[in-house]
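# Geometric and topological summary
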Protein chains: 2
Amino acid sequence: MSQQKKQQQKKQSGQKPKTAIVPTRDENYAEWYQQVVRSADMAETSAVRGCMVIKPWGYAVWENIQQGLDGMFKATGHQNAYFPLFIPLSYLEKEAKHVDGFAKECAVVTHHRLEADGEGGLKPAGELEEPLVVRPTSEMIIGATFAKWIESWRDLPLLVNQWANVVRWEMRTRLFLRTAEFLWQEGHTAHATSEEAIEETLQMLEVYREFATEWLAIPVVTGEKTESERFPGAVNTYCIEGMMQDRKALQAGTSHFLGQNFSKAQDITFADQNTEIQHAWTTSWGVSTRLIGGLIMTHGDDDGMIMPPRVAPAHLVILPVLHKEETREAVLEYCEQLVKDLRAQSFDGKPIRVELDTRDLRGGEKSWQWIKRGIPLRVEVGPRDMENDAVFMGRRDRGHKEKTTVQRTEFISGIESLLTEMQDGMLQKARAHRDEHTRIIDTKEEFYAFFTPEREGDEQSPAPIHGGFAMTHFSGDEHAEETIKKELAVTVRCIPTAGQGLPGQDEPGTCPFTGQPSSTRVVWAKSY
Amino acid sequence: MSQQKKQQQKKQSGQKPKTAIVPTRDENYAEWYQQVVRSADMAETSAVRGCMVIKPWGYAVWENIQQGLDGMFKATGHQNAYFPLFIPLSYLEKEAKHVDGFAKECAVVTHHRLEADGEGGLKPAGELEEPLVVRPTSEMIIGATFAKWIESWRDLPLLVNQWANVVRWEMRTRLFLRTAEFLWQEGHTAHATSEEAIEETLQMLEVYREFATEWLAIPVVTGEKTESERFPGAVNTYCIEGMMQDRKALQAGTSHFLGQNFSKAQDITFADQNTEIQHAWTTSWGVSTRLIGGLIMTHGDDDGMIMPPRVAPAHLVILPVLHKEETREAVLEYCEQLVKDLRAQSFDGKPIRVELDTRDLRGGEKSWQWIKRGIPLRVEVGPRDMENDAVFMGRRDRGHKEKTTVQRTEFISGIESLLTEMQDGMLQKARAHRDEHTRIIDTKEEFYAFFTPEREGDEQSPAPIHGGFAMTHFSGDEHAEETIKKELAVTVRCIPTAGQGLPGQDEPGTCPFTGQPSSTRVVWAKSY
């Protein structure tokens, strides 16, 4: 918060700090987010309502996320497969709650060709006998396949994952956070017993927690959703929730125990060891490109994105100073050798990812492009650095003016520990922010005050950042939950898993909203 | 062909050879193909017309293909990105030939939600103002984005690739070879000059040739398509064509020089170094899950699939003999150590991929499952092998009864060269088959005889395998081409690139169909 205070002081003194992103987080967080996505060159809107174009710098983050998660899925015994994009309408109808949950946001294919419309254009033709829904999620099509694959207990557990695109026709979209089409993975598993399926559900929740924490440097709370926030058709939904810099929660991943709801709707049965026919117990779990939105909102600052090294498309960029003709060749050669030497070093068991930017642009412009993109390290090399066998280095997690000269050999040999330090530092910083804004609350008055901004906002000047995670006892009363949602736009993010070291979590108490007894505190927040 | 002769001899002697796949390739190649896909557990049809489910063993092949190609794309300077699944109808209409080429096979989204139909079911609702086409290919949506991204010559070349699913509403589908939805990559690039764009087109053709040859062990002919087989909207289409075991051609990849056709339709312009506004020159190129069909049809035999080691989901399976209770633990331990030792070895720069199959199934049944799946090596380990510090090994490229005892340490240290030998052997075998059935033909009579089977076929008993690649001179007459297509179902697969060592390729001559002079021979074949 010292950064924020400094800015406030500057503002009070009439001196507005220069930032690469306008507006700043404090001025208008939602707009700041859009500007960071744009300035960091990660994604943009497309001509198709609500569908985004993921640009190379953003897509490379997704590739690193995929690689990291895929390794963890395979290490826990899952195999990838691929299932159809389309779901026949009759399939979707089989599970009543499920179809209710998605009916309002389905893209529907009704025709299979185009023909002349008589006015020089084209119109849909060849009407399908049965409309096809573009998958919003694949329980119904994968379940139908599982029903064919599973015959006996020997076929269980069946542990499958799919990397795919899905479509949910959202009315209000925001790049990465909520788009009509998004990329994700969806795990689907079937088990012989309820216990095994629950164990799987919680295992994948733990995989998500570990990935968010260790790779994305996003500290997350794990827990269970209340009924009103459950996945349509699930028995229990578990989630990981991160706190963004505007103190709102982001649901970053979910893991569902589906009980026998889907297996009964889809007839997924198996012969058990006594040759009796049983319904299987199923789970599903997923994370999406939304994680990239979470990365930006957790780590970005008023100069743009800051990438955690483990998922950064590149760890560092080398910016040679080439404007002096007489040293140009030598500097380039020095830099090319540096690239080679760095690539021979590793971080996270993989070679260091280095960019060499020799574009013919002004140095300041180039440097700022990389700052906004959030590359962890910028390394400038001019004739003097070369003479001193050194590099001039800037860390993205420090102020942009704070640069230091480092001996070349030290820089190369120290790169892994430097990146590790940065990765850890980002997690610590995010955790400190979350802890600072997580509050134990025991009265309704304090709760309402916590979530009420100093002043109302409008589009130009939104309400100031306020609130956070409120931990209150809660008796689970749905009416109380609904009232709070209506009045404050605040929801129960989760009933946290025990043993996460959250303040005041593990003692029973009284629900401040109903006066009823409660066995554990829950996490409330505004959310994305 | 000695294999085939042996079978014929056996048939003549009234002794039908036992094969895992029924029918055999000779009996009914098309049906043999379907049976191999099924027996190898690679894919299956789904409830959605023409859409396939890619099963884990098939998808793992796709992952290896992706990994191999992606490395080659990145090494040639391309970056991945992701573009919308949907294309507004008005976008598709911009390039007249392009839309004509795809209009008959488009899945069209017309509604964005479902509502009660009054009879207990659901019906499409919320009609879209403009229908959206599910991408059959992405020139029109990526081009529209390029138009925004490109301002000056400094932004060129723009080299982008996308891994995605696409939909073409095919009426007659076949797993992997022709499906309504398939997975692919599509490269899209923009350049400042025609020369650069052509160079890119040919570079990617060469990448495909190298990948097909070195990774898939499919020898391919590279060349240019005639106008009738060109990609809708392209100036030139280049392709790689493999010969399957039934001597038909499979187009396994295409690379298109699009000239300025798309850039003019979509207004992709840039300011050149003299600040004059120019239209860019664009290319596109793609390969798909069809490659997996090509793999099967090139390498499979009458016992099922044979995987080239470089793309095999696993290089070997260890099958412990566990039925004797007293040696069970010791054998398992021996096998687990073997797994570790093998994983410490590498092939192709990556750890050896090992499966340990401890399922409680009869040994023969297990072994046959792996044979049908085409795993390169099967390693049986029983108490006696353990005592002798040996393994009992079967190679998938040899007969299934041909197994040998190998000392454990020799087997481990020799695994890389053994897999290399198998990979090379598969390519050589496929090349010999192709060369054997590539014929120089100089008369129309011989041409017609070459493509006419001994006897007509029907569904139960198709015409015997015949034909191959016919290399004739050709004057390029479209009428002659059409007649041959109608009469023989034979087309020009390509006008081959010079210098591939194809027989009689590089001498001028006379077209046997028109009597006109011709500068090079072309490749004719029946095809998938």
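Throughout this description, residue numbers start from 1 for each chain and increase along the sequence as written. Chains and ligands are labelled by the order in which they are written, letters from A for the one and numbers from 1 for the other. Under the rules for a predicted model, residues below a pLDDT of 70 receive no local features and side-chain atom pairs below 80 are neither given nor counted, while totals for whole chains, interfaces and linings still include all residues. Neither water nor hydrogens contribute to the side-chain values; these are computed over all heavy atoms in the structure.

### Observations concerning the overall build of chain A
Numbering of helices and strands runs from the N terminus, with a helix taken as a DSSP run of H or I at least four residues long and a strand as a DSSP run of E at least two residues long. Broken down by element type, chain A carries 15 helices and 27 strands. In this setup the radius of gyration rests on C-alpha atoms only. A globule is expected at 2.2 Å times the number of residues raised to 0.38. Here the C-alpha atoms of chain A give a radius of gyration of 26 Å, agreeing with the 24 Å that 2.2 N^0.38 yields for 528 residues. Dimensions of chain A, computed from C-alpha atoms along their principal axes, come out at roughly 80 × 60 × 60 Å. Note on contacts: a residue pair is in contact if any heavy atoms of the two residues lie within 4.5 Å. Long-range pairs, those at least 24 residues apart, make up 70% of the contacts in chain A with a sequence separation of at least 6. Total accessible area on chain A is roughly 22,400 Å²; 46% of this is exposed by carbon and sulfur atoms. Only four residue types enter the tally: Lys and Arg on the positive side, Asp and Glu on the negative side, with His and both chain ends excluded. By convention, the charge on Lys lies at NZ, on Arg at CZ, on Asp at CG and on Glu at CD. A distance of 6 Å separates the average location of the 61 positive side-chain charges in chain A from that of its 78 negative side-chain charges. With residues, only the protein chains shown are counted as cover, and all accessible areas are computed by Shrake-Rupley using a 1.4 Å probe.

### Focus on the environment of Leu69 of chain A
All names here are of chain A. Locating Leu69 in the fold gives a position in helix 3 (residues 56-75). Sequence-wise, Leu69 and Glu336 are 267 residues apart; in three dimensions their C-alpha atoms are separated by 33 Å. Filtering out sequence-adjacent residues up to four positions away, Leu69 remains in contact with Trp163, Val207, Tyr208, Phe211 and Val287.

### Focus: the packing of helix 3 (residues 56-75) of chain B against helix 9 (residues 290-299) of chain B
Residue and element names in this part refer to chain B. Here an axis means a line fitted to C-alpha atoms, over the contact stretch when the element is a helix, while the angle between two N-to-C directions is reported on a 0 to 180 degree scale. In contact at an axis separation of 10 Å, helix 3 and helix 9 are set at 110° when each is read in the N-to-C sense. As the angle between them shows, helix 3 and helix 9 are arranged roughly perpendicular. Contacts between helix 3 and helix 9 involve Gly58, Val61, Trp62 and Ile65 from the former and Leu291, Ile292 and Leu295 from the latter. Every angle not falling under 35 degrees, over 145, or within 65 to 115 is termed oblique; those three ranges are roughly parallel, roughly antiparallel and roughly perpendicular.

### A look at the pattern of salt bridges
Residues and elements named next belong to chain B. Salt bridges are identified by distance alone: a Lys or Arg side-chain nitrogen within 4 Å of an Asp or Glu carboxyl oxygen. For the structure on display, the rule yields 55 salt bridges over all chains. Of the charged contacts, one joins Arg310 and Asp348 as a salt bridge, the two residues approaching to 2.8 Å between their closest N and O atoms. One end of the pair, Arg310, is in the loop between helix 9 and strand 15 (316-320); the other, Asp348, is in the loop between strand 16 (346-347) and strand 17 (350-351), and 38 residues separate them in sequence. Under the scheme applied here, a residue whose accessible area is under 20% of the maximum for its type counts as buried, over 50% as exposed, and between as partly exposed, the area being computed with a 1.4 Å probe on protein chains only. By relative accessible area, which is 19% here, Arg310 ends up buried.

### Digging into the domain arrangement of chain A
All names here are of chain A. Boundaries of every domain are those given by an automatic assignment or by a domain database. Split by domain assignment, chain A resolves into domain 1 (3-32), domain 2 (40-299), domain 3 (316-435) and domain 4 (438-525). Taking the mean C-alpha position of each, domain 2 and domain 3 sit 38 Å from one another. At the junction of the two partners, domain 2 supplies 20 residues and domain 3 supplies 14 residues. Buried surface area refers to the total accessible area, computed with a probe of radius 1.4 Å, that the two partners give up upon joining, counted for both partners together. With both chains or domains summed, domain 2 and domain 3 bury close to 1,400 Å², and 60% of this area falls on carbon and sulfur atoms. It is Trp57, Pro219 and Met243 that lose the most area in domain 2 upon contact with domain 3, and together they represent 39% of the buried surface on that side. At the surface where domain 2 touches domain 3, the tally comes to one salt bridge. Of the charged contacts in the structure, one is a salt bridge between Asp41 and Arg373, with a shortest N-O distance of 3.1 Å. Top contributing element to the side of domain 2 that touches domain 3 by residue count: helix 3, with three residues. Any residue that is not Ala, Val, Leu, Ile, Met, Phe, Trp, Tyr, Cys, Pro, Asp, Glu, Lys or Arg is counted as polar, Gly included; the first ten are nonpolar and the last four charged. Each residue belonging to the side of domain 2 that touches domain 3 can be placed in one class, and the counts come to 11 nonpolar, six polar and three charged.

### A word on the interface of chain A and chain B
The partner chain B presents 62 residues to the 62 residues of chain A that form the contact. Carbon and sulfur atoms make up 66% of the area that chain A and chain B hide from each other, which totals about 5,100 Å². Looking at the side of chain A facing chain B, the largest losses of area belong to Tyr82, His112 and Leu114 of chain A, adding up to 13% of the total buried there. At the boundary of chain A and chain B, one finds four salt bridges. A salt bridge links Glu63 of chain B to Lys74 of chain A, with the nearest nitrogen and oxygen atoms 3.1 Å apart. Each polar contact in these results corresponds to two N or O atoms within 3.5 Å; when the atoms are within protein, one needs to be able to donate a hydrogen and the other to accept it, and residues that are neighboring in sequence are counted only if both atoms are side-chain atoms. If you look at where chain A meets chain B, you find 32 residue pairs in polar contact (both at pLDDT 80 or more).

### A look at unusual backbone geometry
A cis amide bond, omega -5°, links Leu156 of chain A with the succeeding residue Pro157 of chain A. Positioned with a positive phi, Ala217 of chain B is a non-glycine residue whose angle comes to about 60°. Judged by relative accessible area, Ala217 of chain B falls into the buried class, the value being 0%. One non-glycine residue with positive phi stands out, namely Ala489 of chain B, at about 60°. Considering the arrangement of structural elements, one finds Ala489 of chain B in the loop between helix 15 (478-488) and strand 24 (491-496).

### A word on the nonpolar core
The definition of a nonpolar core used throughout is a set of buried Ala, Val, Leu, Ile, Met, Phe, Trp, Tyr and Cys residues joined through side-chain atoms within 4.5 Å. If you look at the biggest cluster of nonpolar residues, it comprises 89 residues, and the most contacted ones within it are Phe86 and Val134 of chain A together with Phe86 and Val134 of chain B. Top element by residues in this core is helix 6 (residues 139-149) of chain A. It accounts for six residues. Once you skip the residues sitting within four places of it in the chain, Val134 of chain B turns out to touch Leu85, Phe86 and Val109 of chain A together with Leu85, Phe86, Ala107, Val109 and Val167 of chain B.

### Quick word on the side chain of Gln423 of chain B
With respect to the helices, strands and loops of the structure, Gln423 of chain B is situated in helix 13 (residues 408-436). Residue Gln423 of chain B is classed as buried on the basis of its relative accessible area, which comes to 5%.

### Observations concerning the packing of aromatic side chains
The pairing test for Phe, Tyr and Trp rings, Trp by its six-membered ring, is centres within 6.5 Å, and the orientation test on the planes gives stacked under 30 degrees, edge-to-face over 60, and tilted for anything in between. By the definition in use, this model includes 41 aromatic pairs over all chains. Judged by centre distance (5.0 Å) and plane angle (35°), the rings of Tyr29 of chain A and Trp32 of chain A are tilted. With Tyr29 of chain A and Trp32 of chain A both in helix 2 (residues 29-39) and three residues apart, the pair spans about one turn of that helix. Both residues of the pair, Tyr29 of chain A and Trp32 of chain A, count as buried. Joined through ring pairs, the aromatic side chains of Phe447, Tyr448, Phe450, Phe451, Phe474, Phe513 and Trp524 of chain A make up one cluster. Placement of a charge over a ring requires the Lys NZ or Arg CZ to be within 6 Å of the ring centre, with the centre-to-atom vector within 35 degrees of the ring normal. Above the ring of Trp370 of chain B, the side-chain terminus of Arg373 of chain B is found at 5.3 Å from the ring centroid.

### Some words on the relation of the copies chain A and chain B
Least-squares fitting of chain A to chain B yields an RMSD of 0.0 Å, with the superposition described by an axial translation of 0.0 Å and a rotation of 180°. Look at the turn and shift together and you get a two-fold axis relating the two. The rotation axis passes nearest to the C-alpha of Val109 of chain A in chain A, at a distance of 2.1 Å. We place the copies in one frame by least squares, fitting the C-alpha atoms of every residue whose pLDDT is at least 70 in both.

### Some details on the sheet that holds strand 18 (residues 354-356) of chain A
Residue and element names in this part refer to chain A. Pairing between strands is defined by DSSP: at least two bridges between them are needed. On the basis of which strands lie adjacent, the open sheet formed by five strands has the order 18-15-19-20-21 and mixed pairing. Two strands lie at the open edges of the sheet, namely strand 18 and strand 21 (403-407), each paired on one side alone. Here the average twist between neighbouring strands, direction ignored, is 30°. In terms of strand pairing, strand 15 (residues 316-320) meets strand 18 through three bridges, oriented parallel. The partner of Leu316 across the bridge, within strand 18, is Val354. Along the sheet face, helix 10 (residues 325-343) touches strand 15, strand 18, strand 19 (377-381) and strand 20 (390-395) and points at about 165° away from the line of strand 15.

### Observations concerning helix 3 of chain A
Residue and element names in this part refer to chain A. Here the expected length of a helix is defined as 1.5 Å per residue gap, with one fewer gap than residues. In this model, helix 3 (20 residues) spans 28 Å end to end at C-alpha, consistent with the 28 Å of a helix rising 1.5 Å per residue. For helix 3, a buried count of 15 out of 20 residues is recorded, marking the element as mostly surrounded by other parts of the structure. At the C-terminal side of helix 3, Gly77 shows a positive phi close to 90°.

### A few points about the packing of helix 10 (residues 325-343) of chain B against helix 13 of chain B
All names here are of chain B. As a packed pair, helix 10 and helix 13 sit with axes 10 Å apart at the nearest point and diverge in direction by 30°. Of the possible angle classes, the one that applies to helix 10 and helix 13 is roughly parallel. Our pair here, helix 10 against helix 13, has a crossing hand that is right-handed. Of helix 13, the residues touching helix 10 (which contributes Tyr334, Leu338, Asp341 and Leu342) are Arg408, Phe411, Ile412 and Ile415. Partitioning the contact of helix 10 with helix 13 into residue classes produces six nonpolar, no polar and two charged. In this scheme, a crossing is called left-handed if the near helix is turned counterclockwise away from the far one by less than a right angle; it is called right-handed if the turn is clockwise.

### Side note on the pairing of strand 14 (residues 281-288) of chain A
All names here are of chain A. Of all eight residues that make up strand 14, seven are buried, and the element is covered over most of its length. By the bridge criterion, eight bridges tie strand 8 (residues 181-191) to strand 14 in an arrangement that is antiparallel. Looking across to strand 14, one finds that Trp184 is bridged to Ser288. Bridge count between strand 11 (residues 249-259) and strand 14: five bridges; the pairing is antiparallel. Residue pairing in the sheet places Ser255 in a bridge with Trp285 of strand 14.

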